[in-house]
Amino acid sequence: MTETRLKPCRCLLDEAAPDLARTVREYVESLPEETRAEEALYRARLRVCEACDALRSGTCGLCGCYVEARAAKRVQNCPAVPRKW
Ligand code: SF4
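Residues numbered from 1 in each chain as written. Predicted model: local features only at pLDDT ≥ 70, side-chain atom pairs only at ≥ 80, totals over all residues.

## Points about the overall build of the chain
Along the chain, the regular secondary structure elements total 4 helices and 2 strands. Starting at the N terminus, the α and β elements of the chain follow one another as α-α-α-β-β-α. Counting across all 85 residues of the chain, residues that qualify as buried make up 18%. (Helix = DSSP H or I, 4+ residues; strand = E, 2+ residues; numbered from the N terminus. Buried ≥ 20, exposed ≤ 12 C-beta atoms within 10 Å, placed from the backbone.)

Here it is as structure tokens:
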């Protein structure tokens, strides 16, 4: 008998957990303007996360953070070595 394994979910929170996504979005919007990544940078970072094998239901498998919150802070970076963003 062959073992069937489920593929880990690699979606962002909007798809994985809408209520949590709303909370994270509120957090992102509450960040002071001077600490927030520009919209284009934020979107580019999240595109990288969406294609990353470490992404698990909106969470980074390397550090455990919500990638949508991490990517929103200008000074943050990806915890992978080498960094993906
Ligand atoms: S390792 Fe980097 S690119 Fe991958 S999910 Fe985590 S933060 Fe995103």
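Moving on from the model shown.
## Describing the site of the ligand
For the ligand, the full set of nearby residues is Val-48, Cys-49, Cys-52, Ala-54, Leu-55, Cys-60, Leu-62, Val-67, Cys-78, Pro-79, Ala-80 and Lys-84. Split by residue class, the shell around the ligand holds 11 nonpolar, no polar and 1 charged. (Near = placed C-beta within 6 Å. Nonpolar A, V, L, I, M, F, W, Y, C, P; charged D, E, K, R; others polar.)

## So, the nonpolar core
Leu-12, Leu-13, Val-24, Cys-49, Leu-55, Tyr-66, Val-67, Ala-71 and Ala-72 form the largest nonpolar core, which has 9 residues in total. When near neighbours in sequence (up to four residues on either side) are disregarded, Tyr-66 contacts Leu-13, Val-24, Gly-58 and Thr-59. (Core = buried A, V, L, I, M, F, W, Y, C linked by C-beta atoms within 7 Å. Contact = placed C-beta atoms within 7 Å.)

## Considerations on unusual backbone geometry
At the junction of Val-81 and Pro-82, the peptide bond is cis and its omega measures out at 0° in the coordinates. Its location among the elements puts Pro-82 in the segment after α4 (67-70). Although it is not a glycine, Ser-57 sits at a positive phi angle of roughly 50°. Here Ser-57 lies in the loop between β1 (55-56) and β2 (59-60).

## A short note on the confidence of the model for the chain
Averaged over all residues, the pLDDT of the chain equals 88, while 87% of them reach at least 70. When mean pLDDT is compared element by element in the chain, helix α3 (residues 39-50) scores highest at 95, while helix α1 (residues 13-16) scores lowest at 72. (pLDDT = per-residue confidence, 0-100.)

## Considerations on the environment of Leu-31
By the secondary structure assignment, Leu-31 is in the loop between α2 (18-30) and α3. Among the residues examined, Leu-31 registers 14 C-beta atoms within 10 Å and is labelled partly exposed. Distance from Leu-31 to Ala-69, taken between C-alpha atoms, is 9.8 Å for residues 38 residues apart in sequence. When residues no more than four places from it in sequence are discounted, the contact partners of Leu-31 are Arg-36, Ala-72 and Lys-73.

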